[in-house]
Amino acid sequence: MASSQQPTQRPRRHRVVVIGSGFGGLFGTKALKRADVDITLVARTGHHLFQPLLYQVATGILSQGEIAPSTREILSRQDNATVLLGEVTAIDLEAQTVTSTVLGQDTVTAYDSLIVAAGATQSYFGNDHFAEDAPGMKSIDDALELRGRIFGAFELAELGASRGENVDHLLTFVVVGAGPTGVEMAGQIAELANRTLKRDFRYINTRNARVVLLDAAPQVLPPFGQKLGEHTKKDLEKLGVEVVLGAMVTDLDERGIDVAYKDGRTERIVAVTKIWAAGVQASPLGRTLAEQTGAPLDRAGRIGVNPDLTLPGHPEVFVVGDMIALDNLPGVAQVAIQGAKYAAKAIERRIEGKPPQRPFKYFDKGSMATISRFKAVALIGKVRLTGFVAWLAWLGLHLVYITGFKNQLTALMHWFVSFLGRGRAERTTTEQQIFARAALQRLKGGAADLVSAPGAYDRAQEILEVSRRAELEERALEEVRLTDSGERGSHLDRADQR
Ligand SMILES: Cc1cc2nc3c(=O)[nH]c(=O)nc-3n(C[C@H](O)[C@H](O)[C@H](O)COP(=O)(O)OP(=O)(O)OC[C@H]3O[C@@H](n4cnc5c(N)ncnc54)[C@H](O)[C@@H]3O)c2cc1C
């Protein structure tokens, strides 16, 4: 007998959308592993990037895979998480949807709770045209382009020197910004020139390379305090890096960089390779959220959030990491990780009907920057470490935070090669790494210009199929006619007889 009972429908689970696969996005998603929710992580890259080691990819120590494992693979065992590739172009707070796009195809994803962790990009302080000649250090594309430019400059210098030309412009490297990234880049280029490459060239002496570290600020590493800043400056100078402080970049082009000093002096440094490690700008998604809520934006585009990391008037939306302006929190990985874990816990508690947590409180675990092999500085609470001890602390911490055992192992091997020996395992560069990006930027619609519009490919296939079918039928009919009429071969015979 047929049952009159309707099958009971399972209630829909709470939907969480996470924007970004960086520190905030990934750690927030992982923190929801056991929650009764369905998570969609939307990010414009398929990898989780460990930004603190980008400079090692740029200078040939590590491969990009070691610091950017696949997000999909990391989350493959987390059944409640789905990974979606796409650049988020719109967030509709009213409709509770996120629109993402990839190669011209839009996807709209609905949410009940949203965690926005879209991070920050390079800021050229209103001079965006600097980007073409002075790439920043925010992505794998940046690091590979810089690797190509740095190793390429030595190659071009060798070529020029073999023809007796002046190659000073090729052997001068300018790093703009004396924060941790700038210090690390300058130190590594100096090590490349002084140790790694010194025996590899015949016409140039790589040890004559000039490495300049520029900053408008009066000291190196301001967040580390005066003492560690001075210590770092001295260590860099021992390595041969020229540290130029109080110098503001006023312009730059393919061949050089113009700077103005506080006392009114100006100077042009002739250098083909420039690296931009100054200033950050929060993701433009912050502006989208501010426009819909009236939340304030600071000069770096970071959005003001409530003490529980939610958007004013939208308790279902959390913003974490580099995008937020709250209590002068620094733009570091731990702020993003701890904020994302806090947001995940808040969502879980709400679903379980538990009372809210206390306001978000950041626990500062300290800051570190490497200067060269065996030399670093670290500030942990009030404790200041320098030299080899700080470098060992840096090594241990970064090893722990690299995602995946395989990556930890290979990174350790590469560090062994680079720090105990003088080699760099990842010196491969390609023309595309250096020039393809500029070419893509010259296309109006970027990479989307290189593929068919959504649906156009299928329509073209249909037309092609119809015309191919007609051609095949026509050919078959002609074959039949030739056979039945006995014409096949007869013309050939006549031709042979002539
Ligand atoms: C070179 C460098 C060195 C650093 N060194 C250190 C260090 O030594 N120690 C330290 O603590 N911190 C360091 N930081 C800072 C640290 O990496 C950041 O604070 C941290 O990554 C912030 O995490 P986040 O989740 O907010 O953003 P991110 O980690 O930047 O993640 C943002 C994510 O959002 C995605 N995304 C952005 N926009 C969109 C969009 N519209 N649609 C879809 N996805 C989008 C990005 O692809 C990315 O996956 C460094 C940063 C850099 C760049």
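This is a predicted model, so every value here is computed, not measured.

(A) Highlighting the packing of helix 6 (residues 140-162) against helix 13 (residues 431-442). Packing of helix 6 against helix 13 leaves a shortest axis separation of 7 Å and a crossing angle of 120 degrees. On the basis of their axis angle, the class for helix 6 and helix 13 is oblique. By crossing handedness, the relation of helix 6 to helix 13 is classed as left-handed. Here Asp141, Leu144, Glu145, Arg147, Gly148, Arg149 and Gly152 of helix 6 lie close against helix 13, whose contacting residues are Gln433, Ile434 and Arg437.

(B) Focus on the domain arrangement of the chain. One can read the domain layout of the chain as domain 1 (14-44 + 86-123 + 281-351) and domain 2 (128-278 + 373-441). Centre-to-centre separation of domain 1 and domain 2, based on C-alpha positions: 32 Å.

(C) Molecular detail of the packing of helix 1 (residues 23-31) against helix 10 (residues 333-351). The geometry of helix 1 relative to helix 10 is characterised by a closest axis approach of 8 Å and an angle of 35 degrees between their N-to-C directions. Here helix 1 runs over helix 10; the crossing is right-handed. Within the contact between the two elements, helix 1 uses Phe23, Gly24, Phe27, Gly28 and Ala31 and helix 10 uses Ala333, Ala336, Ile337, Gly339, Ala340, Lys341, Ala343, Ala344 and Lys345. Of the residues assigned to the contact of helix 1 with helix 10, the class counts are nine nonpolar, three polar and two charged.

(D) Here's a closer look at the UniProt feature "domain: FAD/NAD(P)-binding" (unreviewed entry) in the chain. UniProt records the feature "domain: FAD/NAD(P)-binding" (unreviewed entry) at residues 15-339, using the numbering of this structure. Between the end C-alpha atoms of residues 15-339 the distance is 19 Å, and the span holds 30% helix and 29% strand.

(E) Broad picture of the site of the ligand. Close contacts around the ligand come from 32 residues, with Gly20, Gly22, Gly24, Gly119 and Gly321 the closest. Of all the secondary-structure elements, those providing two or more residues to the shell around the ligand are helix 1, strand 2 (37-43), strand 4 (87-92), helix 7 (180-196) and helix 10. Here the residues of the shell around the ligand are counted per class, giving 15 nonpolar, 13 polar and four charged. Mapped onto the domain boundaries, the shell around the ligand takes at least three residues apiece from domain 1 (14-44 + 86-123 + 281-351) and domain 2 (128-278 + 373-441).

(F) Just the environment of Ala460, in detail. One can find Ala460 in helix 14 (residues 456-485). You can call Ala460 exposed: it has 11 C-beta atoms within 10 Å. Taking C-alpha positions, Ala460 is 43 Å from Phe27, a pair spaced 433 residues apart along the chain.

(G) Molecular detail of helix 8 (residues 225-238). Compared with the 20 Å implied by 1.5 Å per residue over 14 residues, the 20 Å span of helix 8 between its first and last C-alpha is a close match. As for helix 8, its buried residues are in contact with helix 7, strand 10 (210-215), strand 11 (241-245), strand 21 (367-372), strand 22 (375-380) and strand 23 (383-386). In the segment just after helix 8, Gly240 is the residue with positive phi, at about 100 degrees.

(H) Looking closely at the environment of Lys198. Within the secondary structure, Lys198 is located in the loop between helix 7 and strand 10. Residue classification places Lys198 among the partly exposed positions, given that 13 C-beta atoms sit within 10 Å. Among residues more than four places away in sequence, those in contact with Lys198 are Thr206 and Arg207.

(I) Unusual backbone geometry, seen in detail. Here the phi dihedral of Asp327 falls at roughly 50 degrees; this positive angle occurs in a residue that is not glycine. Mapped onto the elements, Asp327 comes out in the loop between strand 20 (324-325) and helix 10. What makes Asp327 exposed here is the crowd of 10 C-beta atoms within 10 Å. Positioned with a positive phi, Asn328 is a non-glycine residue whose angle comes to about 55 degrees. Counting through the fold element by element, Asn328 comes out in the loop between strand 20 and helix 10.

(J) A look at the sheet that holds strand 13 (residues 256-261). Here we have three strands laid out as an open sheet, ordered 12-13-14, and antiparallel in their pairing. Among the strands making up the open sheet, the edge pair consists of strand 12 (247-252) and strand 14 (266-270). Taking each pair of neighbouring strands and ignoring which way they run, the sheet shows an average axis angle of 30 degrees. In terms of strand pairing, strand 12 meets strand 13 through five bridges, oriented antiparallel. When the bridges of strand 13 are listed, Asp251 appears paired with Asp258.

(K) Seen up close, the nonpolar core. Membership of the largest hydrophobic core comes to 75 residues, with the highest contact counts inside it found for Val176 and Ala186. If you tally residues by element for this core, the top one is helix 6, at eight residues. Formed by 50 residues, the second largest nonpolar core is a distinct cluster that contains Leu26, Leu114, Ile115 and Ala343.

(L) Fine view of the pairing of strand 5 (residues 97-102). The pairing of strand 4 with strand 5 spans five bridges and is classified as antiparallel. Opposite Val88, over in strand 5, you have Ser100 as the bridge partner. From the end of strand 4 to the start of strand 5, which pair antiparallel, there are four residues, and Gln96 there has a positive phi angle of about 55 degrees. Here strand 5 runs beside strand 6 (residues 105-110); their pairing, made up of six bridges, is antiparallel. Each residue of the ladder has a partner; that of Thr99, found in strand 6, is Val108. Once strand 5 ends, the chain turns through two residues before running back antiparallel as strand 6, passing Leu103 with a positive phi of about 45 degrees.

Procedures and definitions
- Residues numbered from 1 in each chain as written.
- Predicted model: local features only at pLDDT ≥ 70, side-chain atom pairs only at ≥ 80, totals over all residues.
- Axes fitted to C-alpha atoms, helices over the stretch in contact; angles between N-to-C directions.
- Helix = DSSP H or I, 4+ residues; strand = E, 2+ residues; numbered from the N terminus.
- Parallel < 35°, antiparallel > 145°, perpendicular 65-115°, else oblique.
- Left-handed = near helix turned anticlockwise from the far one by under 90°.
- Contact = placed C-beta atoms within 7 Å.
- Domains from an automatic or database assignment.
- Nonpolar A, V, L, I, M, F, W, Y, C, P; charged D, E, K, R; others polar.
- UniProt positions renumbered as here; feature names shortened; annotations may be inferred.
- Near = placed C-beta within 6 Å.
- Buried ≥ 20, exposed ≤ 12 C-beta atoms within 10 Å, placed from the backbone.
- Expected span 1.5 Å × (residues − 1).
- Pairing = 2+ DSSP bridges.
- Core = buried A, V, L, I, M, F, W, Y, C linked by C-beta atoms within 7 Å.

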